[in-house]
Every structure is written in C-alpha cells, then in structure tokens.
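# Observations on the three-dimensional arrangement
What follows is the residue order along each chain.
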Amino acid sequence: MTRRKSPWDNSNDDDNNPWQPQQGGEDMEALLRKSQSKVRRIMNGGRRGRVGKKGVLGIAAVLVLLWILTGFYQVQPQEQGVVLRFGKYAYTTAPGLHYHLPYPIETVLTPNVSRENRIEIGFRSEPVRRGRAFPRDIQSENIALTGDENIVEVNFTVTWKVKNAGDYLFNIRDPEATVRTAAESAMRDSIGVTPIMEIIADDRKGVQERAEKTLQALLDRYKAGIAVTSVQLTKADAPVQVIDAFNDVQRAKADKERLSNEAEAYRNDILPRARGDASRIISEAEAYKSRVIDQAKGDTARFNAVLEEYLKDKEVVARRMYLEAMEDVYGHVDKVIVDKKVGGVVPYLPLPEISKKQEKAQ
C-alpha cells in the first residue's frame, strides 16, 4: 500500500513538494543578501562595523528635501485653496501654484467654488416620466402668510455658490440645510409685507428680489461664505379651497384693464378733436372781435366827420342825411310813384324787380 505524502512533508525524495525551496528561490535570497550588504556599506560609510555619519546625513537630507517638496500644491481655476495649520484654518489662496508648510504642520483643502448649487423649497422634483417632471409639494415648506393676512402656496428655487471657501468650510456645519432654512425665512419675510394679489399676479419679481437680498444678508451675517445667485418663484397660488374665487377676481381685473384701455383710446380720439374745435371757435371769435372793433371805429370816424360838417352847415347836412335815409328805406321795398302834375302813376322801368327775377332763374 502506497502512503500519500503530506504537502507539509519536507522529505527530500519528493521532487514535487511545493514547499521545498527551488533553484529560483535561492537566486532571490542571494539578491536580497547583496542588497542588504550594499545598504550596510552605505550606512557604515564604506567601513565594516562602523556607522557612517555622512551616509546618515545624506539620507536624512534627501528625506528632508522630499518632505519639504511635499508642500507644493496646485489650485485649479474653479477652486480655492484653504490652508490648515495643525488642523486650524489659516488662510485662503487663489488659483495657481502655491506652497505650504509640509504635513503635519499644514495641510490644504481645495473645494470647488464655481459650481452652482440648486435647492428646491416647497417641492421636490420627482424622476422624469414620459419626458415630463412631476414636482411633489411639501406642505411644511410652501405655506406662507401674506401682508393682507391671506394664505398663499409658494414653490421656489435658490441657486448659490461658494464665494469664500474658508468661511464655507468652517463657519457652518451643514451648508445646504443652512441655506434652506435661511431661504424659507427670507421668502416668508418678503411675502409677509406683500398683498396676495401682487404675489399671484402683479409683483412676483419684487418678491423675488426682496427675498434674495434678505437671504444674502442672513448668510453674510452667519459668515457662511456663500453667494446667492438667484431666487426664482416657480409657483404662487391661492389655496385650493379659494382658487375659484381668485380666478374670478383675475378675470374681473382683466375686464377692468380692457375697459380702461378702451376708455383711454376714446379719450385719445375725442380730446384732440375737441381741442381743434376749441381753437377754431377761439380763432373765429378773435376775428369777429377784430371786425366789430374796426367797424365801430369806422362808424365813429364817419360820425365825427358828419358832425363836423353838420356844425358848419346844419341845413345842408340834415337834407343830405334825410335823402340817404330815404334811399336806404325805399331801396328795399316795392315802389309806386304818383305825380300830381301827371295826374296819376308815373310809368317807369322796374329794374329792381327784373334783377330779382333773373337771380331766381339762375
């Protein structure tokens, strides 16, 4: 019966023992011994049994040089370098090649300060289904009280980025939670001084701007090292229970605006015409005034001239005035001339009547 050999059996009669050193293993051991011998010679300064000071100093100098060189670091354009001295914030560096005292004296962090971060408040965007995103409202975040004591539901987003990496890393523990809480407070403060109709329809931009300024002031007060880039209202609606009433109000406001525009158009049409008629009437009155005044002056001058002649010879002037008056009176009536000497009506050619007939015929 043949006995099976154990793999831990070091018997020399088994050439296939995997634990038995082979020829390649002997070469490796010889190589290691040579390497150790060279290191000892360097450490001994080339002499047996003595430690070489020059060798130790040389190795130490190389190690110190390598340790010093580990202080160089590169800050990328989108980053800021934050240097820590024994774990405490020391200073901030701009993009480029810099140097700090080697570890463990100083270390460096290089956070990205150009990336814009986005926070959704009042809602959360659900995964896109069939090419559309379905936001989910968060009731604990999107309810606010307006300036006229109405309730409004608002959803908004805040985008921000790091402006001071040192403050950002060491002054706030949870940046996203801090920005979210401060943004909710700033938006409620802005909505709290604005009537609901302005929030829903008229003045969304004003609400956003006030909220952004308040939020930035809060973060600066916290020394958070964060710059707010925008605050954007995505939804501002009345509660579901009263949304129909608010829609009626909006339609009434639209009708009011339309009627106001129509009235303004009518006003723009009628006023210029009225101003033109007024100018024409005034011009005609001025002309009539001038004509009457001139006529009065002429009558006065004529009367004065007649008066002078009358004072010189009353009989002649009186006779002339009588004849002119008779001419004026009889010139506009039909006349029949009777002469006693002739013994009846004097025949004459009725030229005035003929002229009137001709005028009517034309």
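For the structure, check the block above.
Below, the structure is looked at part by part. (Residues numbered from 1 in each chain as written. Predicted model: local features only at pLDDT ≥ 70, side-chain atom pairs only at ≥ 80, totals over all residues. Heavy atoms only, no water.)

### Let's talk about the nonpolar core
In summary, soluble globular proteins display a tendency toward joint burial of nonpolar side chains. We count it as follows: Here, nonpolar core means buried Ala, Val, Leu, Ile, Met, Phe, Trp, Tyr and Cys residues that are tied together by side-chain atoms lying within 4.5 Å of each other. Exposure is judged per residue with a 1.4 Å probe applied to protein chains only, and the accessible area is read against the type maximum: over 50% gives exposed, under 20% gives buried, and values in between give partly exposed. In this description a helix means any DSSP run of H or I spanning at least four residues, a strand means any run of E spanning at least two, and both kinds are numbered starting from the N terminus.
In this structure, Val 158 and Leu 215 are the most contacted members of the largest nonpolar core, which totals 38 residues. Counting residues per element, the ones that place at least two in this core are strand S2 (81-85), strand S6 (117-121), strand S10 (151-162), helix H3 (165-170), helix H4 (175-191), helix H5 (196-202), helix H6 (204-222) and strand S11 (226-237).

### Structural notes on a negative patch on the surface
Under the convention used in this document: Like charges within 9 Å and nonpolar side chains (Val, Leu, Ile, Met, Phe, Trp, Tyr) within 5 Å are joined into patches, using only residues over 30% in relative accessible area that form no salt bridge. Computed with the Shrake-Rupley method and a 1.4 Å probe, the accessible areas treat only the protein chains shown as cover for residues. One speaks of a salt bridge when a side-chain nitrogen belonging to Lys or Arg is within 4 Å of a carboxyl oxygen belonging to Asp or Glu. Under this rule, positive means Lys or Arg and negative means Asp or Glu; His and the chain ends count for nothing. Where a charge lies is defined by one atom per residue type: Lys uses NZ, Arg uses CZ, Asp uses CG and Glu uses CD.
Where like charges cluster on the molecular surface, the negative patch consists of Glu 308, Glu 309, Asp 313 and Glu 315. A relative accessible area of 37% means that Asp 313 is categorised as partly exposed.

### Notes on the layout of surface pockets
One simple way to see leftover space: roll a probe sized like a water molecule over the atoms. Applicable threshold: The way it works is a 1 Å grid over only the protein atoms, where trapped points that fit a 1.4 Å probe form a cavity and open points with protein on both sides within 12 Å along at least five of seven lines form a pocket, and then any residue with an atom within 4 Å of a point lines it. Grid points are joined across faces, edges and corners, and a volume is the space filled by probe spheres set on the points. Gly is put with the polar residues, along with every residue not named as nonpolar or charged; the nonpolar set is Ala, Val, Leu, Ile, Met, Phe, Trp, Tyr, Cys and Pro, and the charged set is Asp, Glu, Lys and Arg.
Of the volumes computed, that of the largest pocket is approximately 260 Å³. Along the walls of the largest pocket sit Arg 302, Phe 303, Val 306, Glu 309, Val 316, Val 317, Arg 320, Met 321 and Glu 324, which together make up its complete lining. Breaking the lining of the largest pocket down by element, the ones donating at least two residues are helix H7 (243-312) and helix H8 (314-330). Split into classes, the residues belonging to the lining of the largest pocket amount to five nonpolar, no polar and four charged.

### Here's the deal with the sheet that holds strand S5 (residues 106-109)
Selection criterion: The criterion for strand pairing is that DSSP finds at least two bridges linking the strands in question. Simply put, an axis is a line fit to the C-alpha atoms, just over the touching stretch for a helix, and the angle between two N-to-C directions goes from 0 to 180 degrees.
If you walk across this open sheet you meet the three strands as S3-S2-S5, and the pairing is antiparallel. This sheet does not close on itself; its edge strands, each paired only once, are strand S3 (88-93) and S5. Here the strands of the sheet are splayed against their neighbours by 30° on average, with no regard to which way each runs. Where S2 lies against S5, four bridges are found, and the strand directions are antiparallel. In the sheet register, Val 82 faces S5, and the bridge partner there is Leu 109.

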